[in-house]
Amino acid sequence: MDLEKKAIERIKLASEMSMQYYGKPLVCTYSGGKDSDVMLELFKRSGAQFEAVNSHTTVDAPQTVYHIRKKFKELEEKGIKCTIHKPKLTMWQLIEKKKMPPCRMQRYCCEYLKENTTPNRFVATGVRWDESQKRSKRGIMEVPGAKIKDRITLMNDNDDKRLLIERCEIKGSMISNPIIDWRHHDIWDFIRSEKIEYNSLYDDGYKRVGCIGCPMAGKSRYKEFRDFPTYKRAYIRAFDKMLIAINEAGKKTRWKSGNDVFLWWMEDENIEGQMNIEDYLNQ
Ligand code: SF4
């Protein structure tokens, strides 16, 4: 079976299970990136009942925000329910509240801004095995446990655990990853052959589209802040406020200004004489 057919079968199965166990349509998470656009197209082709949900991060590039709005408007005109989940706190407010910058080791922003926005629902994501080593452990369908070891994961379409997942007493959310076995070039081949409209940032040299300044994005953050200097200023302002909050809480820090924090944060590594995040966490 080709990739498209397999993905559509997975969507149909997840959609049926969503209606059966939750009494609600399957949720297609949508970030405005290329994988999300492939997912939306496959959902439309499947004929399955679904809703689309975007978690507004408050640090997406304007192009991404416009692209999401455009795609959701098109879906709504077809009668598909779309929701943009707006968080109570912005990234800038979150930094001040947490009293630390978001880091690889401390991705509190993902937990607050992106995860848990669709509790107790069956959710489909655009996670793919070829994106990272960590994601290679994800499955076609998952019942998340409180601990990773308790997670039930279906690694292929004929996995013996399928009955277990289908019969399990559902508590909390379930996850389907219909395009998990698509590689990078499969995504772009599909987008090009099916003429799917995608986020214009890819034509501006971006390989990934997501939060501006994400600590997971490595050196590409330099380009992001060159292209979006307003976001750089906003991070520095947020770090200034964070330092005030740290001082008011009576905590010590060697950072003197928001700009110091920004420079440290951009290095994403420990420089001699500079504070490292473990020092900070252990204070
Ligand atoms: S900045 Fe990165 S870690 Fe934070 S919410 Fe965005 S994607 Fe997640």
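Our structure's up above, just so we're on the same page.
A quick note: this is a predicted structure, and the numbers were derived from the prediction, not measured. Throughout this description, residue numbers start from 1 for each chain and increase along the sequence as written. Reporting of local features is limited, given that this is a predicted model, to residues whose pLDDT is at least 70; pairs of side-chain atoms are given and counted only at 80 or more, and all residues count toward the totals for whole chains, interfaces and linings.

(A) Expanded view of the pairing of strand S1 (residues 26–29). Here a residue counts as buried when 20 or more other C-beta atoms fall within 10 Å of its C-beta, as exposed when 12 or fewer do, and as partly exposed in between; the C-beta atoms come from the backbone. Comment: elements are numbered from the N terminus, with helices defined as DSSP H or I runs of at least four residues and strands as E runs of at least two. Neither face of S1 is exposed, since Leu26 and Cys28 on one face and Val27 and Thr29 on the opposite face are all buried. A pair of strands is labelled paired if DSSP reports no fewer than 2 bridges between them. The pairing of S1 with strand S2 (residues 50–55) spans four bridges and is classified as parallel. Considered in S2, the bridge of valine 27 is made with glutamate 51. Following the chain from S1 across helix H2 (residues 34–46) to the adjacent parallel S2, one finds a crossover that is right-handed. Pairing of S1 with strand S4 (residues 122–124), which is carried by two bridges, proceeds in the parallel orientation. Within the sheet, the bridge partner assigned to cysteine 28 lies in S4 and is alanine 124. Crossover handedness is defined here as right-handed if the route from the first strand over the helix to the second strand goes clockwise, with the strands pointing away from the viewer.

(B) Quick look at the site of the ligand. Around the ligand, a shell composed of Thr57, Pro102, Arg107, Cys109, Cys110, Leu113, Lys114, Gly210, Cys211, Cys214 and Met216 is seen. Under the grouping applied here, Gly and all other residues not named as nonpolar or charged are polar, the nonpolar ones being Ala, Val, Leu, Ile, Met, Phe, Trp, Tyr, Cys and Pro and the charged ones Asp, Glu, Lys and Arg. Split by residue class, the shell around the ligand holds seven nonpolar, two polar and two charged. As used in this record, a residue near a molecule or strand is one whose C-beta atom, placed from the backbone, is within 6 Å of it.

(C) Focus on the packing of helix H4 (residues 91–98) against helix H9 (residues 229–248). Only the stretch in contact is used when fitting a helix axis, every axis being a line fitted to C-alpha atoms; angles between N-to-C directions are given from 0 to 180 degrees. Relative to each other, H4 and H9 sit at 25°, their axes nearing to 8 Å. Looking at the two axes, H4 sits roughly parallel to H9. The two elements H4 and H9 cross, and the hand of that crossing is right-handed. Residue-level inspection shows Trp92, Ile95 and Glu96 of H4 in contact with H9, the latter providing Ala234, Ala238, Phe239, Lys241, Met242 and Ala245. For the contact of H4 with H9, the class distribution of residues is seven nonpolar, no polar and two charged. Here roughly perpendicular refers to angles of 65 to 115 degrees, roughly parallel to angles under 35, roughly antiparallel to angles over 145, and oblique to all remaining angles. Handedness of each helix crossing follows the sense of rotation of the near helix against the far helix: counterclockwise by less than a right angle gives left-handed, clockwise gives right-handed. The contact criterion used is a C-beta to C-beta distance within 7 Å, with each C-beta placed from the backbone.

(D) Region of interest: the packing of helix H1 (residues 3–22) against H2. Between H1 and H2, the shortest axis-to-axis distance is 9 Å and the interhelical angle comes to 70°. On the basis of their axis angle, the class for H1 and H2 is roughly perpendicular. Between H1 and H2, the residues in contact are Glu4, Ala7, Ile8, Ile11 and Lys12 and Leu42, Phe43, Arg45 and Ser46, respectively. Looking at the contact of H1 with H2 residue by residue, the class counts come to five nonpolar, one polar and three charged.

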